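Read off the chains here:
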Amino acid sequence: MRPQELSEDELETIRRYEDFDTIDWIQDSILERNRRLKNVKAHSRLYGPRIQTAIPWILSQVRNAFDAAQSWIVVSLVGVCIGINAGVISIVSEWLSDIKMGYCSDGWWLNQQFCCWEIEGDEIDGCDSWHPWSTVTLARWFIFVTFASVFSFIAAHLVRSLAKYAAGSGISEIKCILAGFIMQGFLGFATFFIKSITLPLVIASGLSVGKEGPSVHVACCIGSLVAGLFDKFSRSQSKMREIITAASAAGVAVAFGSPIGGVLFSIEEMSHGFSIRTMWRSFFCALMATFTLAAINPFRTGKLVLFQVTYDRDWHFFEIIFFIILGIFGGLYGAFVIKFNLQVAAFRRKHLADHAVAEAVTIVIITTMIGYFNRFLRLDMTSSMAILFRECEGGGNIYNLCQSEAQWRIANSLLLATVIRMGLVVVSYGCKVPAGIFVPSMAIGATFGRMVGIMVKAMYRAYPKSGVFAVCTPDVPCITPGTYAFLGAAAALSGVMRITVTVVVIMFELTGALTYILPTMIVLLVTKAVGDFLGTNGIADEMIRFNGLPFLEKDDHAYNVSVDAVMRRDLHTLIETGMRVKDLEDMLSVTNVKGFPILTADGTRTLCGYIGRTELRYVLERSRKQGVDSETVCSFAREHNNNLDSGPSSNIGLGGETPAGFFETSMSQDKLKFWPWVNQTPMTVTPKLPLEIVMQLFKRMGPRAILVEDHGVLSGLVTIKDVLRYIATKKPQHGPSWDERGGLDGLLEEVWTWATGTAYRMVQWGHRLVWRRM
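Residues numbered from 1 in each chain as written. Predicted model: local features only at pLDDT ≥ 70, side-chain atom pairs only at ≥ 80, totals over all residues. Heavy atoms only, no water.

Put simply, the test is: UniProt positions are given in the numbering used here, feature names are shortened, and annotations may be inferred rather than shown by experiment.
The name given to the protein chain in an unreviewed UniProt entry is Chloride channel protein, with the source organism recorded as Amanita thiersii Skay4041. Under the UniProt heading Subcellular location (unreviewed entry), the note attached to the protein chain is "Membrane". What UniProt states about the protein chain under its Sequence similarities (unreviewed entry) heading is, verbatim, "Belongs to the chloride channel (TC 2.A.49) family."

### A few points about the overall build of the protein chain
Selection rule: The numbering of helices and of strands both runs from the N terminus, where a helix is a DSSP run of H or I of at least 4 residues and a strand a run of E of at least 2. Burial classes follow relative accessibility: with a 1.4 Å probe on protein chains only, a residue under 20% of its type's maximum area counts as buried, one over 50% as exposed, and anything between as partly exposed. Contacts are residue-level and defined by heavy atoms, with any inter-residue pair within 4.5 Å sufficient. Accessible surface area values rest on a Shrake-Rupley calculation with a 1.4 Å probe, where residue burial reflects the displayed protein chains alone.
The helix and strand tally for the protein chain stands at 28 helices and eleven strands. In the protein chain, buried positions account for 54% of the 774 residues. Across the protein chain, the fraction of contacts at a sequence separation of at least 24, relative to all contacts at a separation of at least 6, is 77%. Element-wise, carbon and sulfur atoms account for 61% of the exposed surface of the protein chain, whose accessible area totals about 35,400 Å².

### Describing the environment of F256
Structurally, F256 can be placed in helix α10 (residues 237-256). Judged by relative accessible area, which is 1%, F256 ranks as buried. Separated by 251 residues in sequence, F256 and M507 place their C-alpha atoms 8.9 Å apart.

### Let's talk about the environment of L416
Mapped onto the secondary structure, L416 falls in helix α17 (residues 407-428). In the structure, L416 is positioned 40 residues away from F376 in sequence and 9.5 Å away in space, judged by C-alpha atoms.

### Overview of the sheet that holds strand β4 (residues 577-580)
Here is the rule: The criterion for strand pairing is that DSSP finds at least two bridges linking the strands in question. For every element, the axis is a line fit to its C-alpha atoms; helices are fit only across the contacting stretch, and the angle between N-to-C directions ranges from 0 to 180 degrees.
Taken in spatial order, the three strands make up an open sheet running β4-β7-β8, and their pairing is mixed. Edge positions in the sheet fall to β4 and β8 (671-673), since each has one partner strand and no second. Here the strands of the sheet are splayed against their neighbours by 40° on average, with no regard to which way each runs. Pairing between β4 and strand β7 (residues 633-635): two bridges, direction antiparallel. Bridging across to β7, R580 finds its partner in V633.

### Looking at the environment of T527
Within the element layout of this structure, T527 appears in helix α21 (residues 517-534). Note on T527: relative accessible area 2%, which makes it buried. Taking the C-alpha atoms as reference points, T527 and G334, separated by 193 residues in sequence, lie 8.9 Å from one another. Leave out the neighbours within four places in its chain, and T527 touches G327, G330, G331, A491, S494 and G495.

Structural data, given as structure tokens:
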């Protein structure tokens, strides 16, 4: 092995990104550029006499073609693996959900649907092949609770023992990872394997959580694992994150059967910067995943999701007022769940950190004990939505949903299910098992929306000749309660996640009903307006802030401060010349900073470069192997050498080749040279630059640190964590937040104060009017 190859391997080993750190995107781009130039240089050596270079030239062309197609090959493999994984999870989840109620005598591996395949409809109690565990209600209830408890215990125990990162949804952490945050193991094989096993157990246990959020995490794990098999992606963090972004789109695509919605979700929710190239790869990955899932056909219906429906009936303009009610509910629901779930999360962190398994089992027992006696809580949430979304005509009269005699009893049951599930979602989301909030929110919105639809239909039946219903055609169904459930589900999902366009597209792809695009948009705009009025952020952003992860929001705020109010002034710096190896080793041992500014030796604090901690460690460890002692002088000053200098903008140490004999040459001169690893042109700003512009630099350029200099003199340094710390502690004025306004209690107090003040003014005005008339 040549000396330069040995140096590159060691540098890659030392350069492993540290856990809970942020990526320097500029440095990563330099690394990728130098690798590309190195490959071009290596290929150019193949050209010469045709006889001598024919075979190597052909091989190089094949290698170039493979390298160009490698991204699409990886994206295809990732999409296929995501589709297979989603199909297996769906099949296992259905079987585990039904095994709580009974078993199939024709085959233990068949769930209730396939066991009674010849029976039409969803109420299949009359199927002879399906045997309930008992005919006694109390015994069936006890077995139901027991199975659910066992499922939750196994899932929580596996997560706690083998993969702690498998807990929760994972969307918040993936957003930070795509923004440059490092969490070693979060996308590893153990997390993928344990989450794929425990997710069906959690869904089947009846816990009020969904699989869609965890499905995105599992999909990103698959993307990271598959891409990690290729050097092109394993050595470049930026290219790896392109694959992870595409995988997140595929995860949403297979969860909802919505490839375009998945791409929009990755744009609107997951990624800060989204290039056209990444968009096309995300779309192709989502397409491959949904195609694979359709080939598996887990529900044997030809549909990608269990609650996929088709609406062919038009809506009426008088229904807009009821659509607005659904939108208001979605905004209030999102504010309520986010507010109180954060309080539960704080209580869980303080008191239940060591009792994760007991907490999960307890919540499941409470959920199943309560939910068993409500038909809409006892069913799996996707099955419940499949029933609630249906039209009354064509087999939609399940559980007497369409019977006018039972409409108020059904409405009461739906309202009770809405209230109970809201409370269960608040306490369940965030417990230490795979848990998402997409489907639970949609299920809550569906029960509330169906209740509103039943009430509107009852009003039409009671007053069919009134002016509001005059546009309805006689003998033709005027109100479709299933569409209200559909719109309520969209409102609740948008309210808790604070996404709009993605939900519209997902709902369109679920139903295929172009006529309901406008009602969906109206509902979601009202939901967004209510959420903006209340000042709430999406639950993923709130969990990022709650966990203290380094993530800058997409929205821009005016903080009216300059960067000198945020920057760090007490810095650990290096001198360009005169320092010894011992001094550098002492500096590394007493500090944990990720890089060091380099100043001139004349005492003027003039900035002349920046070197990362990993590069400094690499050179020191490499030189120690060559016998350098602690008293050797170190030099960071750039030296121009025809044999080593490959251009004014190249850094040999940043992904380029370290020439053979470089260390030996340095040591023979009794001086250890660091200049190939020094960034001669670090990103710098002036102290009076507005903080908003510095935040834009972090978002768009992605440096790990920005140096602050005043006329060439180093003044300080600022990182993303410094900005977030300032925002959290100083609370600059950019409008009061939802918590600062007192949450729901504060809102009610504001409304009450406004109402009483208005009433008082109206009474005073009435008294004055009466007095004048007298």
